[in-house]
Amino acid sequence: MLTPAELVGLIEAVAKRDQAAFERLYVATRAKLFGVVLRILRRQDLAEEVIQETYVKIWNSAGQFNPTLSSPITWMASIARNRAIDIVRKKTEASIEEEPQAMEVAADSPDPLARREMSEELKRLLECVGRLEPDRQRLVLLAYYNGWSREQLAEIFAAPVNTVKTWLRRSMLDIRECLGL
């Protein structure tokens, strides 16, 4: 991941409508933002929609970012979290108190208890990823950890984009089954 200073530079470039900087910002931050949104919504399809809306808002609001008020990732995560909370409110008509994880403020680093829980969850996740074939492990890690696009993966794996989509979907289904989800 890029340093906060590099992210600030990218956001400043995005404010000037630099598409290359926006793509770089997207690749560097989408995994974290997707995780924030998915924790709140618990549905991949909704999370993907919210991420798309989040990056549109980041593109349109980059000029309003003030690095003295928050870190770049906190600012972007707040945009994503707020949009996800809006979806929770609309979809379930539930009060925000019923979704306590939606109130968590995204921080640059988790608190110690969350770090311990994350490491246990991470161990389970890595065990499940480790059960995949080596090529599928690499595919999943490049896609979801490094944030590579399906087009980039198709190029690396010398396969059509639709085949890569199928491989990713099947791999994720295997991982979910292993995790008992």
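Remember, predicted model here, so these are calculated numbers, not experimental data.

A word on the packing of helix H2 (residues 19–41) against helix H3 (residues 44–61)
Relative placement of two packed helices is described by the angle separating their axes and the distance separating the axes.
Phase 1 of the analysis: Running from N to C, H2 and H3 point in directions that differ by 140°, and their axes come no closer than 9 Å. Our classification of the angle between H2 and H3 gives oblique. Crossing angle aside, the handedness with which H2 passes H3 is right-handed. Of the residues in H3, those in contact with Gln19, Phe22, Leu25, Tyr26, Thr29, Arg30, Leu33, Phe34, Val37, Leu38 and Leu41 of H2 are Gln44, Leu46, Ala47, Glu48, Val50, Ile51, Thr54, Tyr55, Ile58 and Trp59.
Phase 2 of the analysis: A class-by-class count of the residues in the contact of H2 with H3 yields 15 nonpolar, four polar and two charged.

Section: the environment of Arg150
Phase 1 of the analysis: Structurally, Arg150 can be placed in helix H7 (residues 150–156).
Phase 2 of the analysis: Once residues within four sequence positions are removed from consideration, Arg150 is found in contact with Val161, Val164, Lys165 and Leu168.

Some remarks on the pattern of salt bridges
Phase 1 of the analysis: What the rule picks out here adds up to three salt bridges.
Phase 2 of the analysis: For Glu53, the salt bridge identified is with Arg83, shortest N-O distance 2.3 Å. Of the two residues, Glu53 sits in helix H3 while Arg83 sits in helix H4 (residues 72–92), which places them 30 residues apart along the sequence.
Phase 3 of the analysis: The partly exposed category is assigned to Glu53, whose relative accessible area is 32%.

Comments concerning the packing of aromatic side chains
Phase 1 of the analysis: Tallied over the entire structure, the rule returns five aromatic pairs.
Phase 2 of the analysis: With 5.1 Å between their ring centres and 75° between their planes, Phe22 and Trp59 make a pair best called edge-to-face. With Phe22 in helix H2 and Trp59 in helix H3, this residue pair connects regions lying 37 residues apart in the sequence.
Phase 3 of the analysis: Look at Phe22 and you get buried, because its relative accessible area is 18%.
Phase 4 of the analysis: Relative to Tyr55, the ring of Tyr26 lies with its centre 4.7 Å away and its plane at 75°, an arrangement referred to as edge-to-face. Placement of the pair is Tyr26 in helix H2 and Tyr55 in helix H3, with a sequence separation of 29 residues.

Examining a nonpolar patch on the surface
Phase 1 of the analysis: Among the surface-exposed residues, Leu122, Leu125 and Leu126 lie close enough to one another that they form a single nonpolar patch of about 250 Å² accessible area.
Phase 2 of the analysis: Tracing the chain through its elements places Leu126 in helix H5 (residues 112–130).

A few points about the nonpolar core
Phase 1 of the analysis: Counting 34 residues, the largest nonpolar core has Leu25, Leu33, Val37, Leu41, Ile58 and Met76 as the members making the most contacts within it.
Phase 2 of the analysis: Put simply, the parts of the chain that give this core at least two residues each are helix H1 (4–15), H2, H3 and H4.
Phase 3 of the analysis: Setting aside its immediate chain neighbours within four residues, Leu33 contacts Ile51, Thr54, Tyr55, Ile58, Ile73, Met76 and Ala77.
Phase 4 of the analysis: Val140, Leu153, Ala154 and Val164 belong to the second-largest nonpolar core, a separate cluster that totals 16 residues.

Some points on the state of the cysteines
Linking two cysteines covalently through their sulfur atoms gives a disulfide.
Phase 1 of the analysis: In total, this model carries one disulfide according to the counting rule given.
Phase 2 of the analysis: The disulfide partner of Cys128 is Cys178, and the gap between their sulfur atoms is 2.1 Å. What sets the handedness of the Cys128 and Cys178 disulfide is the S-S torsion sign, and at about -75° it is left-handed. In this pair, Cys128 is assigned in helix H5 and Cys178 in helix H8 (residues 161–179), connecting sequence segments 50 residues apart.
Phase 3 of the analysis: You can call Cys128 buried: its relative accessible area is 4%.

Rules and cut-offs
Numbering of residues begins from 1 in every chain and follows the order in which that chain's sequence is written. Local features in this predicted model are restricted to residues of pLDDT 70 or higher, and side-chain atom pairs are both shown and tallied only at a pLDDT of 80 or more, whereas totals for entire chains, interfaces and linings draw on every residue. The basis for every side-chain value is the complete set of non-hydrogen atoms in the structure, without hydrogens or water. Whenever a helix is involved, its axis is fitted only over the stretch in contact; in every case the axis is a line through C-alpha atoms, and angles between N-to-C directions fall within 0 to 180 degrees. Here a helix means four or more residues in a row that DSSP labels H or I, a strand means two or more in a row labelled E, and each is numbered from the N terminus. For this classification, under 35 degrees means roughly parallel, over 145 means roughly antiparallel, 65 to 115 means roughly perpendicular, and everything else is oblique. Less than a right angle of anticlockwise turn of the near helix away from the far helix marks a crossing as left-handed, whereas a clockwise turn marks it as right-handed. Whether two residues touch is decided by their heavy atoms; if any such pair falls within 4.5 Å, the residues are in contact. Classes in brief: Ala, Val, Leu, Ile, Met, Phe, Trp, Tyr, Cys and Pro nonpolar; Asp, Glu, Lys and Arg charged; the others, Gly included, polar. Throughout this description, the term salt bridge denotes a Lys or Arg side-chain nitrogen within 4 Å of a carboxyl oxygen of Asp or Glu. Working definition: with a 1.4 Å probe on protein chains only, accessible area under 20% of the residue-type maximum means buried, over 50% means exposed, and in between means partly exposed. Note on ring pairs: Phe, Tyr and Trp rings are taken, using the six-membered ring of Trp, and paired if centres are within 6.5 Å. Classes follow the plane angle, with under 30 degrees stacked, over 60 edge-to-face and the rest tilted. Only residues whose relative accessible area exceeds 30% and that take part in no salt bridge are eligible for patches, with like-charged residues grouped when within 9 Å of each other and nonpolar side chains (Val, Leu, Ile, Met, Phe, Trp, Tyr) grouped when within 5 Å. The protein chains shown are the only cover counted for residues, whose accessible areas, like all others here, come from Shrake-Rupley with a 1.4 Å probe. Residues belong to a common nonpolar core when they are buried Ala, Val, Leu, Ile, Met, Phe, Trp, Tyr or Cys residues joined through side-chain atoms within 4.5 Å. Cysteine sulfur atoms that pair up within 2.5 Å are treated as a disulfide.

All quantities given are derived from atomic positions and should not be read as evidence of function.
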